[in-house]
Amino acid sequence: MTVIGAGIVGVCCALHLQREGFKVRLVEKGEPGMKTSFGNSGSFGTASCVPFALPGVLKKVPGMLLDSESPLKLRWSHVPKALPFFLRLVEASRPSRVEAIAAARNSLLVHTHAGYAPLIEGADAAQWVDHNGLMMVFESEAAFEGAAYALDLRRRNGVHMDILDGNEARQMEPALARSVIKAVSLPDVSRTIDPFRLTSALVQDFRRRGGEIVTAEVRGFAIGSEGPTKLLTDGAPIDVEQVVLAAGVWSRPLARQLGTSVPLEAERGYHVMFAPQDFGLKRALVSADRSVSLAHMHEGIRATGVAEFAAPDAPADMRIADRVMRHARALVPGLRGEPVSRWMGPRPSHPDSKPVIGRSPRHRNVFFAFGHDHLGLTMAGITGKLVAELATGQPTTVDLAPFRPDRF
Ligand SMILES: Cc1cc2nc3c(=O)[nH]c(=O)nc-3n(C[C@H](O)[C@H](O)[C@H](O)COP(=O)(O)OP(=O)(O)OC[C@H]3O[C@@H](n4cnc5c(N)ncnc54)[C@H](O)[C@@H]3O)c2cc1C
């Protein structure tokens with residue numbers, strides 16, 4: 001079995017396939033775990049059933065795109081390419097679709113732990129996981145009221161939440177600004193304190209179990225009567241029997257070559273890292289007003305945010321990272337020093353906020369596992385488990401109909 005892409009999704013697929021007895025090879029063009037899976041916020045977002053497009057998005061998006069301070073960005077050169085995505089996004093924001101999408105996302109999220117537990121245990125990687133919860137914070141009544149629908153959607157999908165006032169929030173997180181007047185505590189959310197080190201520990205375990213990593217860029221396929229027989233790469237061709245395509249946002253052109261068109265776009269997020277501070281943040285913090293998240297990581301405090309639609313490999317615009325930095329400082333005024341690093345990663349996003357997980361409609365020996373948008377870290381474990389179930393012909397733990405590759 002050959003898995004294309006060694007981000008967190010490909011690595012989890014590879015490990016679950018090994019557990020089912022497959023001899024697995026990972027083909028990766030760069031370093032494992034160094035693309036989008038490197039610099040995310042680290043949350044296992046089990047409370048994040050809420051999709052990107054909510055009712056009313058059509059009214060909000062144009063204004064947001066024109067506002068230079070907004071967390072939503074679209075490069076003008078990218079407009080023609082992204083237009084079909086945005087049209088589908090608006091369609092996905094109808095209330096009945098939103099309810100169905102949230103339920104589908106939640107059907108994966110409830111298996112987050114089951115998907116990861118054997119992998120984390122097998123790799124002895126529990127040191128990279130923290131169980132202190134997450135807090136959403138609000139600096140105005142209007143923002144809190146604006147979140148009512150999304151909070152209710154979470155509640156209806158079984159998420160446990162405690163509503164707090166500003167003082168209660170600061171008792172739990174003393175570093176928070178005085179401007180925070182309301183908060184929602186999500187005690188059951190866990191996270192990794194270093195997504196790259198977690199992925200690296202899993203990669204090391206994959207190798208220890210006999211897995212092979214080939215450094216090559218897949219550029220196409222030799223297709224026989226039964227499906228792909230070779231990967232065409234920037235080096236020598238690679239013979240394959242079965243293939244998992246898990247190349248994050250770069251899966252789109254490869255899926256197309258395999259006969260499946262998907263409206264996958266790069267929704268690029270940014271982070272800034274601050275050196276360790278003399279105060280702690282116990283939980284991950286998410287600000288609705290500012291669209292930034294902050295969390296204490298292994299090497300300091302990481303602030304993340306922004307959804308910039310642009311080509312995945314277009315140069316990063318670090319002025320956007322500076323916006324994240326300014327909002328992080330306003331939310332946690334004690335943050336000292338200039339960021340030690342700035343980073344951009346392309347989230348692989350579909351307009352209906354659901355990944356593609358399933359067998360290729362065209363080729364029986366190909367499985368797809370990509371498009372996990374803001375939740376690829378969270379959903380990687382269960383995605384790998386589902387791919388392994390499909391490959392062995394077992395009934396799947398989750399109904400995969402909502403994630404079909406040919407749904408678009
Ligand atoms: C700022 C930010 C914050 C985020 N926070 C969270 C969070 O808190 N929780 C969460 O669950 N998710 C979060 N995410 C989303 C998460 O990071 C992604 O969904 C996830 O990393 C996607 O993983 P992946 O394996 O699909 O893609 P990637 O990590 O991008 O991996 C794809 C791999 O495929 C390789 N590849 C591509 N093309 C080829 C080719 N042709 N040949 C060979 N190899 C190839 C690439 O080199 C890469 O290593 C966040 C994302 C960002 C940007």
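Everything below is about the structure printed above this text.
All values derive from a computational prediction rather than experimental measurement. (Residues numbered from 1 in each chain as written. Predicted model: local features only at pLDDT ≥ 70, side-chain atom pairs only at ≥ 80, totals over all residues. Heavy atoms only, no water.)

Draft legend 1. Structural detail: the sheet that holds strand β5 (residues 129–130). Ordered in space as β3-β9-β5, the three strands form an open sheet in which the pairing is antiparallel. Lying at the two open borders of the sheet, with one neighbouring strand each, are β3 (43–44) and β5. Bridge count between β5 and strand β9 (residues 190–192): two bridges; the pairing is antiparallel. Bridge assignment links D130 to a residue of β9, and that residue is R191. (Pairing = 2+ DSSP bridges. Helix = DSSP H or I, 4+ residues; strand = E, 2+ residues; numbered from the N terminus.)

Draft legend 2. Highlighting the site of the ligand. What surrounds the ligand is a group of 35 residues, the closest being E28, S37, D373, H374 and T378. Within the side chain of S37, one N or O atom sits 2.5 Å away from an oxygen atom of the ligand. Of all the secondary-structure elements, those providing two or more residues to the shell around the ligand are α1 (8–19), β2 (25–28), β15 (265–274), β19 (341–349) and α12 (376–392). Within the shell around the ligand, the residues separate by chemical class into 13 nonpolar, 16 polar and six charged. (Near = heavy atom within 4 Å. Polar contact = N/O pair within 3.5 Å; in protein donor to acceptor, adjacent residues only side chain to side chain. Nonpolar A, V, L, I, M, F, W, Y, C, P; charged D, E, K, R; others polar.)

Draft legend 3. Broad picture of the nonpolar core. Core analysis: the largest hydrophobic core is formed by 54 residues, its most contacted members being L17, Y116, L202 and V244. At the level of elements, α1, α4 (95–109), α5 (112–122), α7 (148–156), α9 (195–208), β21 (366–370) and α12 are the ones that each hand at least two residues to this core. Per-element accounting of this core gives the leading share, nine residues, to α12. The residues touching L17, leaving out its near neighbours within four places in the chain, are M1, V3, F22, V24, V244, V387, A388 and A391. (Core = buried A, V, L, I, M, F, W, Y, C linked by side-chain atoms within 4.5 Å. Buried < 20%, exposed > 50% of the residue type's maximum accessible area, 1.4 Å probe, protein only. Contact = heavy atoms within 4.5 Å.)

Draft legend 4. The arrangement of unusual backbone geometry in detail. Unlike most non-glycine residues, S291 shows phi in positive territory, near 50°. Of note, S291 is situated in the loop between β16 (284–287) and β17 (292–297).

Draft legend 5. Seen up close, the packing of aromatic side chains. Applying the stated criterion across every chain yields a total of nine aromatic pairs. Between F38 and W343, the ring centres sit 6.2 Å apart and the planes meet at 45°, which makes this aromatic pair tilted. Pair noted here: F38 is in the loop between β2 and β3 and W343 is in strand β19, with a separation of 305 residues, a long-range link. A residue is classified by how much of its surface remains accessible, and F38, at 24% relative accessible area, is partly exposed. Ring pairs connect the aromatic residues F52, F85, F86 and F309, which therefore count as one cluster. (Phe/Tyr/Trp six-rings, centres within 6.5 Å; stacked < 30°, edge-to-face > 60°.)

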